[in-house]
Amino acid sequence: SHQRRSLQVLAMEMKNPMSGQALLDRVSEIPTVSLSALLRDVSAEMDVDASSESSSSSSINLLYEAVASIRHACLTVGFFYIKDHGVSDAVMQNAFDAIKKFFAQPTEEKRRLDATQSPLYRGYNAIEDGKHNCKRTEGYRDAKESFVIGMTEQHGSSPMHGANQWPEENDELKSAIEPYFEAVRKSARAVARGLAMAIDLPENYFLERLREPVAQMVMLRYQALHEVATNSEDKWLGCGPHTDCGFLTLLAQDSQGLDVFTGGEWVCAPSKPGHLLVNLGDMAAYWSEKASVKLKSTLHRVTNGSHARHSLVVFMNPDFEASMDIPDEHAGDSVERKSSGEYRSAGHYLLSRLGLMWLDDKS
């Protein structure tokens, strides 16, 4: 049909001959992408009403715009904002309100959910603990506290799924955070759909590997500068320069403080009400080394300001046993492909990057 041929044209037009450096020279700010078309099943819509050519054409145009914007962002800065992402303002605000209330409690109360009580290190991490999924920067300490949850039930043998810790006396925190976590995972799937199309892979390539994702949500409170201890020789930083080790990261923040290193300088990634900020991790960059388009995992950091800063971070990673192989027909011809056996699965890639071991009968 005309509509399906339009999708094929889209794929051809995405093969931009412009070099990565030329694209990089054009980056002046972190772009914004609308997810409206990617949240809808455009192909299904076209099958249902093939007579509505103008409507389908509009959908194709919106899809093209989203995929082209994602491609440009992922080849250059590695970060982009998303709007029309399906996470309601109310759900996002409830999550922020709940986590602010949790962090406002006395330390001894928060310590009742200490992460050391969890086999998966989920729960509360105090500023004194210094273990917040960030690489330590020599001479600096992380000036933040965090609360971590992750995926629970799954049908495979993943060691990265398991129980979360929640307050026993009431379910206020859980009832606010779980809907947000679920909604952002749906947004992440839409991003993954667009990402596959942007790098010339089948539309469902990543979606088929996100059925039981290794997803984690980290809620953070970065201390205001006046709260930071000064009786130490160490310097304090919200989070030192680092790249994320996983696939996709989706962030909501209530104030600025995040900086992205692009174009040879640190660029502020301000808080935008109602938006989520997406960045690619090292897994995405590694994965794309086998494909025809190479993705960018970008250094970023957090600096503390005059006020406390809160953020809701969802790390979206593929199923533990998901294959990272790229079909030959979609692999790049100009690169030396890595052996498919280097990492048996996406989960084993993560464990390797985290310095963990998982032994089973396939190891």
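Here, the structure is the one placed above.
Residues numbered from 1 in each chain as written. Predicted model: local features only at pLDDT ≥ 70, side-chain atom pairs only at ≥ 80, totals over all residues. Heavy atoms only, no water.

Enquirer: Can you help me understand the overall build of the chain in this one?
Expert: Within the chain one finds ten helices and 14 strands. In the chain, which comprises 363 residues, the proportion classed as buried is 50%. In the chain, once contacts between residues fewer than 6 apart in sequence are set aside, the share between residues at least 24 apart is 79%. Summed over its atoms, the accessible surface of the chain is roughly 17,200 Å², and 49% of this surface lies on carbon and sulfur atoms. (Helix = DSSP H or I, 4+ residues; strand = E, 2+ residues; numbered from the N terminus. Buried < 20%, exposed > 50% of the residue type's maximum accessible area, 1.4 Å probe, protein only. Contact = heavy atoms within 4.5 Å. Areas by Shrake-Rupley, 256 points an atom, 1.4 Å probe, with all protein chains shown as cover.)

Enquirer: Whenever I open this one, helix H8 (residues 172-198) confuses me. Can you help?
Expert: In an α-helix, one full turn covers 3.6 residues, which means residues spaced three or four apart are oriented alike. Between its terminal C-alpha atoms H8 stretches 40 Å, which fits the 39 Å expected from 27 residues at 1.5 Å a residue. By the criterion of burial, H8 is predominantly enclosed, with 19 of the 27 residues buried. Taken from the residues just after H8, Asp 200 is the one with a positive phi, measuring 70°. (Expected span 1.5 Å × (residues − 1).)

Enquirer: Where do I start with the sheet that holds strand E14 (residues 309-319) in this structure?
Expert: By way of backbone hydrogen bonds, the strands of a sheet pair with one another, either parallel or antiparallel. Reading across from one edge, E1-E2-E12-E9-E14-E6-E5-E3 is the order of the eight strands in this open sheet, with mixed pairing throughout. The two strands at the open ends of the sheet, each matched to only one other strand, are strand E1 (32-34) and strand E3 (123-125). Neighbour-to-neighbour, the strand axes of this sheet turn through a mean angle of 25°, independent of strand direction. The pairing of strand E9 (residues 248-253) with E14 spans six bridges and is classified as antiparallel. Bridge pairing links Gln 253 to Ser 311 in E14. Strands in contact with helix H6 (residues 89-103) are E3, strand E5 (144-150), strand E6 (213-222), E9, strand E12 (276-280) and E14; relative to E14, the strand with the most contacts, it is inclined by about 115°. (Pairing = 2+ DSSP bridges. Axes fitted to C-alpha atoms, helices over the stretch in contact; angles between N-to-C directions.)

Enquirer: Explanation requested: the environment of His 155 in the structure shown.
Expert: Of note, His 155 is situated in the loop between E5 and H8. A sequence separation of 57 residues divides His 155 from Glu 212, and the C-alpha atoms of the two residues are 8.1 Å apart.

Enquirer: Is there a simple way to explain the side chain of Asn 279 in this structure?
Expert: Position of Asn 279 among the secondary structure elements: in strand E12. Looking at Asn 279, the relative accessible area reads 3%, which means it is buried. There is a polar contact of 3.0 Å between the side chain of Asn 279 and the side chain of Asp 244. (Polar contact = N/O pair within 3.5 Å; in protein donor to acceptor, adjacent residues only side chain to side chain.)

Enquirer: Sorry, what's going on with the packing of H6 against H8 here?
Expert: Two measures define how a pair of helices packs: the angle their axes make with one another and the distance between the axes. Relative orientation of the contacting elements H6 and H8 amounts to 140°, with a least axis distance of 8 Å. Considered as vectors, H6 and H8 are oriented oblique to each other. Where H6 crosses over H8, the handedness of that crossing is left-handed. Along the contact surface, H6 presents Val 91, Met 92, Asn 94, Ala 95, Ala 98, Ile 99, Lys 101 and Phe 102, while H8 presents Glu 172, Leu 173, Ala 176, Ile 177, Pro 179 and Tyr 180. Grouping the constituent residues of the contact of H6 with H8 by class yields eleven nonpolar, one polar and two charged. (Parallel < 35°, antiparallel > 145°, perpendicular 65-115°, else oblique. Left-handed = near helix turned anticlockwise from the far one by under 90°. Nonpolar A, V, L, I, M, F, W, Y, C, P; charged D, E, K, R; others polar.)

Enquirer: What exactly am I supposed to notice about the environment of Leu 120 here?
Expert: Looking at the secondary structure, you find Leu 120 in the loop between helix H7 (107-110) and E3. In this structure the C-alpha to C-alpha distance between Leu 120 and His 161, which are 41 residues apart in sequence, comes to 8.2 Å.

Keep in mind these numbers describe shape, not what the thing actually does.
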